[in-house]
Every structure is written in structure tokens, then in C-alpha cells.
Amino acid sequence: MAIEHPRILLVDSYDSFTLNLASLLKQSIPNCIIYIIKNDAFTIAQLLPFLPAFSAVIVGPGPGSPENDRDVGLIKDLWNLGEHSVLPMFGVCLGLQSLCVAHGAELKRLDVVKHGQISRVQHTGTFLFQGVGTVRAVRYHSLHVVLRQGGCIEQLAWVDDGAENGHVVMAVRHTSKPFWAVQYHPESVCTRGGGVEVIQNFWQLAQDWARKVQPRTTPWNSSLQEMFGDPWPSFLRARPRMPISQFPGVTTAVLDLPHITVAAVCELFGVCNEERPFVCLDSAAQPGRFSIVGSLMPESLQITHFVGDNSVSLTRGRHTSQEILGDRDIWTWLSDFMASRRVHEGHPDIPFWGGLIGLLSYEMGAHSLCTVKGKRCHPDVNFVFVERSVVIDSATGRVFVQSLIPNDHWIAETTKAVSGLNSQPMRPGLPTGKANITLPNKDRYLCRINAAKEYISAGDSYELCLTARTTVSLPKSTSWRRYQALRSKNPAPYSAYLRLHPTTLLSSSPERFLSTSRPPDSVFHLRPIKGTVRKAPGVTRAVAEEALAGSVKEVAENLMIVDLIRHDLHTIVGEDVEVKQFCVVEEYETVWQLVSVIEGRPSVQDGLLGWEMLRSSLPPGSMTGAPKKRSVEILQTLEDDERGIYSGVFGYWCVGMGSDWSVTIRSCFKLDDDSSDSETWEMGAGGAITALSDAEAEWEEMVVKLNSVVGAFT
Ligand SMILES: C=C(O[C@@H]1C=C(C(=O)O)C=C[C@H]1O)C(=O)O
Ligand SMILES: NC(=O)CC[C@H](N)C(=O)O
């Protein structure tokens, strides 16, 4: 017998959890094929003729209100389909609200909004809840519905929020049409008992209805294919073939030098000459392990690009040329660049063999979600192609000297020079000169926290990572020494010194954004941080655990980003996404942080997939909040300046096709200016604002993060 492949249409309201729902559908509805459209992709009139090709429609969650056309698009019309067009539909959150509002329910704001919080859901044990036991479900909502007595919408589940919100509807069904919906999020990683179980029941009910009603169906055809595109996950099928690399291999010498310092290698490679570019990715604390120092040559290629430009700048030494991108964007240009330099063999014990090292701005990600205004003074893309490098493995004390240049005499010279290096302590002596620090205005920041909370109460966002800029001006000094000061004040696993004119970036980031191990068997790994407590006398691990892992507010903040990152991973990886670590307290130099780890394994191994993953997941969710698109739009109105380098990412993309990117936080950067005898460093700091945020405490948290960098100037 032929296997049946039910086609499911999933309507996305620009939420950041939609693909988690798609993955849950795949687990719950045998052999289903899922097509995803945005709620404003078509009008209902355009969609109507095609609906008989689907077995069911899933109306997903989203920001905003079911009463606002801009937020719900065609969703509101789906619930009013005529008798002959009706088909089984299942709503989630905004989906439930729009179903109920379309049938006369009253929409209200919750007194105490629930975002990333888990509630015990009571239910009738019927329909969606047939055979379902205890449900503990994650909620992401500010709005709720009050059903009309005697109407056609019947309650199937509810929570009792006690003094906070009283009775809140959690699931409903239509009494005569095949419509069901839940207010909670069945797809959240922390929902128990009401996920697969409830979707399986929905599917059973949908099939029962179809057997009874025998709705008109149409087979799949080319015009449907054109209208709805490929089913999810579609990315892998759409990939063009990778160009063949003509690039030779990498030569490596391995040394046992357990006492060598990263600083000594940097100084050997000329870091003190501030005129020249320099790159060092420095694992200055656990869990960082490998440090990478580039040995750049005068002809090393620097690649820069500004968002909005149709060209890429290529600089070798003093010579710069522009290459027109034409019909490629910068991501594709860089993909092609790296594909033609792919190397298949290098030392298996290290993650980097050579390749691009550099940074991407926040706006490089944000502009794919909404319009970004103006042009920044720092390039949005700034990389150097590193042919010669040293990788230091802090776990084994081994040092790898390697070059992509065939027969490179530099290997022998460097092996000798590195072996002869003293394990000198870092040179003391901070640059002197009084720093003039311009902090964010506290009153304004507090006002913005309240404005952010208002957006959250209205249902426009579940969490907003609000940030502000600080500047430090002082007489010109050496940035390398400044980096040493930052490194000793705040040693961090993802520290970096990147001198890529016109930008110099000093980083002491605790946060890895994304690492993708080398194919085959590539694993994509993300480590979002949400939840910060300042270290102070008496703040022991136990105290920090109570304040972070034991706090509903902090766990909710973290969970929202974990769910968002699961969705981001599903975009490229497909179904295989797993939360490996949930809300664990980690110790850093100045703070305790709450950290989760999410991993994905792409079902097809392709060298460029890691790059596609980066492209589709910037800006980092921990720096925006959720849902990402609406949150980025709101943050643009709440923050004075573009973020630029701050809250973008920096890291490498290896010629072996692995990559590692950190979030540019706890960092400062400056625009290099030879003509001035002073310099101005910029830094950002902020934190996640949720409905549970206390404005004063958020200000304090921002200052704590800021001080981990400002400390290098005072
Ligand atoms: C915004 C910053 O940090 C982000 C916010 C955090 C939080 O809200 O706890 C933690 C780490 C980062 O994702 C920053 O350091 O400036
Ligand atoms: N997750 C959602 O779909 C949220 C729906 C709506 N924006 C609310 O806040 O209530």
C-alpha cells in the first residue's frame, strides 16, 4: 500500500518559534509534509483555491494582537472560511486568540503577563486532551481571551493563575467546525505532556472529520509547487553545487610547549607595530581551549563590506580595489571565496588550519530582518585571510605552526623562534592618561526599560535585549597594551585582539554564539547566555545558583532564547536539534552567568552549511530577544544609536569549513585615526528586559557588564 503523505500548511506570523512547531508536527503526524507561508504572503482570496491540496492548516504563534490586521494578515479570514472550503485547523497562541476573537470572544491583556513560564494546565480529558495526563506547559502570552457564554467556542483546558490573572483559557474547540487551538506553546522545549500528545490527538480528530465529511481534495501540481515552494526543511535541496577548490593543503609542525603564552607569540609576530593589521583569538579562560594567532603578511588579503553597498573592498598592503557584487550578495561572495580555498586535510586535533578571521556587525544581521538606517563608520564585514598561523592548545600544551603556502620556509623559522620564546609574564604598565567616560543617561535608560515593558505587556515582544552605548576618550595609547589590561581584568573564554583597520576590537566575551565543526559529521553548537549575577563577597556558587537557576525570571529569559535558537537551528539543520545543557550556572571573572547549550546535526553534510547557519541566525538571539524580527524593530526605536560592532559576532571560518563565532559583548572598539592624538573607544552593554524586570536592577546589571570593560581604562 502506498504511504500516505498528509500535506500540512503552517502559517507563520513572523514568530521565532515557528520551526519548533514544524518539528513537533513532523514528530506527531506520520509522514507529513510541511509547507510554511508567512501570514501576509497571500490574501485569503489568493489562497482559497489552493487549500484543498492540504489536509490541515496550523496557525502559529506571533507578536502583536489578533485584532490588528498587520499582525495577523490572512489568519483572521481562515476562521471564517465558507462551508465548502473548511478544513481542519489548529491554532497556537496568537492562533487560538484569533480563532476565539473571530467567534465573538473578548480579548484582554493579562494583569501579569507570562513569557517563558511554566504552568500546570487543567483540562477536560476530551478531544485534544483525550488520554492526556498531567500537562505542564510553557506560556508566551500577554493577551488572553474571555469566551462568550453559549457561543460556538468551547473551553478544553485552562490554568488558574490565582491572584495574578485568575482563570485563563488554555485550549478550545469549535463546536461545529474542525477547529482546535491551544494558548500555551506545545513546541517549547520545557512543555511536558501537552506537546506530541495533543498534536497527535488533533491529527486523529482531523482524520475523523475528513472521513465523515469527505472534503474535496486536489492533488499536488506544478502551480502549487510554484506558490508554496519546497517543504520544510527546504534549504538542503536548494543548495547549488560547491565550486571545486584548487587550493593546496596545509603544512603543520607540532611542538610541545606547555609554558608558552599567547602574548609572547603575538609579540613575536609583530603585534606591537600598531600600523599593521593583526588578529588573535585568545581563549583566555575556561571553557575556551584553543588560541589562534595569525602571522599576517604585507600581501594578506583584507576583505571589507558595508551593508547596502553592491561591492566588496579587497586590500593587500597599501593597495585597495573594489569588486562589484552584481547579483550575488556578500554572503554568497564570501561563500564562493572560501569554497575555492577549501582544504581537505590538516591536523585533525585543531579546529583552525587557516582561513578568514574577523568580524560581522550587528546590522549585518539586522538588515535581513528590517531596514537599517544610515551607514556605519566601521565596515559591517571585516575579515583577513590568514595563511600563516599558530594554534595553541591550552589543554595539552601543544603548539601548531601551520601555513597554507606550499613549501613555506616560514614554518621552520617560526618553529625555531617559537621554541626559543621565554614564558615571559605579560608586560605590566598600562598606558597612562586620564580617561573621559561618557556613560548612558540613567533616567533615559530607565524610561526605555519601562517603554520596553509596555511593548511586552501589549504582546509585541516576549523579551527585549535593551542596550546602551558608552564611550571612553583618552590620549592615544597602544591598543595592544590596552588589550592586555582588559585580558588581565576580565580573562574570558572568547577574548580577542583584532586590529583590522579602520576598526580595532578588544574583546573579553564570555559568550560563544555558534561553532560548526568540520564536515563530515559536522555539529552546530550554540551557547546562549541569559541571566547575570555580579560576583561579590558572599556570592558563592550556591548563592548564584539560587539567584539564577532558582529564579523564575532568569530561567524564563534563558528559556525564551533557547526556544528561539532551536528555531534558528531548525532553519538549516532540519529536524535534529537537541538542548544539551539547560540553564547551568557558569563562573566567569566578574560575573556568574546562566548558560544553555543547543546542538544540531545537519542531515546532509555540506561544507558551506555552517556559513548558511550563521547567515540565517544573525543577529544573535540573546542580543535581540524574541520574537526576533519584531524585537529588532522595537529596539531600533528604543536605542539611540546603531549598535555597529557591538552585539555582532567575531571569529573564524576555517579552510577546512569549520567555524567558531563569539558574541561581541564585554568588548570595546575604536575607529583608527592616525591624525588625532586622542582616541575614543566605544562599548555597549545591556540586558534582557522581560515583564518581570525591575528597572533599577536592570540598570545595575548593565553597569556590572559595562564595568568589566571600563575597568581596562581606569
Ligand atoms: C547585553 C549583554 O549581554 C547579553 C545579555 C545577558 C543577560 O541578559 O543576562 C547575558 C549575556 C548576553 O547575551 C552585554 O554584555 O552587553
Ligand atoms: N506567542 C504568541 O503567539 C503571543 C500572542 C500575543 N502576541 C500575546 O502576546 O498574547
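Residues numbered from 1 in each chain as written. Chains lettered and ligands numbered in written order. Predicted model: local features only at pLDDT ≥ 70, side-chain atom pairs only at ≥ 80, totals over all residues. Heavy atoms only, no water.

1. Observations regarding the UniProt feature "domain: Glutamine amidotransferase" (unreviewed entry) in the protein
Right, so step 1: Residues annotated by UniProt as "domain: Glutamine amidotransferase" (unreviewed entry) correspond here to residues 9–202.
Right, so step 2: In residues 9–202, the share of helix is 20% and the share of strand is 35%. The end C-alpha atoms are 14 Å apart. (UniProt positions renumbered as here; feature names shortened; annotations may be inferred. Helix = DSSP H or I, 4+ residues; strand = E, 2+ residues; numbered from the N terminus.)

2. Structural notes on the environment of Ser142
Right, so step 1: By secondary structure assignment, the location of Ser142 is in strand S6 (residues 135–146).
Right, so step 2: Separated by 28 residues in the primary sequence, Ser142 and Lys114 place their C-alpha atoms 6.4 Å from one another.
Right, so step 3: Ignoring sequence-local partners within four residues, the contact set of Ser142 consists of Lys108, Arg109, Leu110, Val113, His115, Ile456, Ser457, Ala458 and Gly459.
Right, so step 4: Polar side-chain contacts of Ser142 include one of 2.6 Å to the backbone oxygen of Ile456. (Contact = heavy atoms within 4.5 Å. Polar contact = N/O pair within 3.5 Å; in protein donor to acceptor, adjacent residues only side chain to side chain.)

3. A short note on helix H17 (residues 609–617)
Right, so step 1: Of all nine residues making up H17, seven are buried, and the element is well covered by its neighbours.
Right, so step 2: Along H17, the residues classified as buried are Leu609, Gly610, Trp611, Glu612, Met613, Leu614 and Ser617. (Buried < 20%, exposed > 50% of the residue type's maximum accessible area, 1.4 Å probe, protein only.)

4. Notes on the site of ligand 2
Right, so step 1: Taken together, the neighbourhood of ligand 2 is formed by 14 residues, with Gly62, Gly64, Cys93, Tyr140 and Leu143 sitting nearest.
Right, so step 2: Taking Gly64, its main chain carries an N or O atom lying 2.6 Å from a nitrogen atom of ligand 2.
Right, so step 3: Backbone polar atom of Gly459 to a nitrogen atom of ligand 2: 3.0 Å apart, as the coordinates give it.
Right, so step 4: For ligand 2, whose free accessible area comes to 300 Å², the fraction covered by protein is 100%.
Right, so step 5: Broken down by secondary-structure element, the contributors of at least two residues to the shell around ligand 2 are helix H5 (94–102) and S6.
Right, so step 6: When residues in the shell around ligand 2 are grouped by element, the largest group, four residues, is from S6.
Right, so step 7: Of the residues assigned to the shell around ligand 2, the class counts are seven nonpolar, seven polar and no charged. (Near = heavy atom within 4 Å. Areas by Shrake-Rupley, 256 points an atom, 1.4 Å probe, with all protein chains shown as cover. Nonpolar A, V, L, I, M, F, W, Y, C, P; charged D, E, K, R; others polar.)

5. Structural notes on the site of ligand 1
Right, so step 1: Taken together, 18 residues lie near ligand 1, and Glu511, Lys530, Thr532, Tyr646 and Arg666 sit nearest.
Right, so step 2: Between an oxygen atom of ligand 1 and a side-chain N or O atom of Thr532, the distance comes to 2.7 Å.
Right, so step 3: When isolated, ligand 1 has an accessible area of 400 Å², and the protein chains bury 100% of it.
Right, so step 4: No other element matches the five residues that strand S33 (residues 678–689) contributes to the shell around ligand 1.
Right, so step 5: Looking at the shell around ligand 1 residue by residue, the class counts come to seven nonpolar, six polar and five charged.

6. Overview of the nonpolar core
Right, so step 1: Judged by nonpolar contacts, the single largest core of 92 residues is most densely connected at Ile8, Phe90, Leu128, Phe129, Val399, Met683 and Phe713.
Right, so step 2: Shared between two domains, this core takes at least three residues from each, and those domains are domain 1 (7–230) and domain 2 (251–713).
Right, so step 3: In this structure, Leu314, Leu359, Leu500 and Val632 belong to the second largest nonpolar core, which totals 87 residues. (Core = buried A, V, L, I, M, F, W, Y, C linked by side-chain atoms within 4.5 Å. Domains from an automatic or database assignment.)

7. A closer look at the pattern of salt bridges
Right, so step 1: What the rule picks out here adds up to 43 salt bridges.
Right, so step 2: The partner of Glu696 in a salt bridge is Lys442, with the nearest N and O atoms 3.1 Å apart. Taken together, the residues Glu696 in helix H19 (residues 695–710) and Lys442 in helix H13 (residues 442–457) connect sequence positions 254 residues apart.
Right, so step 3: Taken together, the shared-partner salt bridges connect Arg70, Asp71, Asp460, Lys629, Arg630 and Glu633 into one network. (Salt bridge = Lys/Arg side-chain N within 4 Å of Asp/Glu carboxyl O.)

8. Focus on the side chain of Arg643
Right, so step 1: Position of Arg643 relative to the elements: it lies in the loop between helix H18 (628–638) and strand S30 (649–654).
Right, so step 2: You can call Arg643 buried: its relative accessible area is 6%.
Right, so step 3: A polar contact of 3.2 Å, which involves the side chain of Arg643, links it to the side chain of Ser647.
Right, so step 4: Not counting chain neighbours up to four residues away, the residues in contact with Arg643 comprise Tyr362, Glu363, Cys465, Thr467, Met623, Leu635 and Phe669.

9. Some details on the UniProt feature "domain: Chorismate-utilising enzyme C-terminal" (unreviewed entry) in the protein
Right, so step 1: Taking the UniProt record as the reference, the feature "domain: Chorismate-utilising enzyme C-terminal" (unreviewed entry) is found at residues 442–705.
Right, so step 2: Structurally, residues 442–705 is divided into 33% helix and 35% strand, and its ends, taken at the C-alpha atoms, are 15 Å apart.

10. Here we look at the domain arrangement of the protein
Right, so step 1: For the protein, the assigned domains read domain 1 (7–230) and domain 2 (251–713).
Right, so step 2: Using C-alpha coordinates to define each centre, domain 1 is positioned 38 Å away from domain 2.
Right, so step 3: With 27 residues of domain 1 at the contact, the number on the domain 2 side is 30 residues.
Right, so step 4: Applying the counting criterion to the domain 1 and domain 2 interface returns three salt bridges.
Right, so step 5: Notably, a salt bridge pairs Arg70 with Glu633, separated by 3.8 Å at the nearest N-O pair.
Right, so step 6: The tally of links between domain 1 and domain 2 comes to 15 residue pairs in polar contact (both at pLDDT 80 or more).
Right, so step 7: Of all the secondary-structure elements, those providing two or more residues to the side of domain 1 that touches domain 2 are helix H1 (18–28), helix H3 (69–72), strand S5 (106–123) and S6.
Right, so step 8: Per-class residue counts for the side of domain 1 that touches domain 2 are ten nonpolar, eleven polar and six charged.

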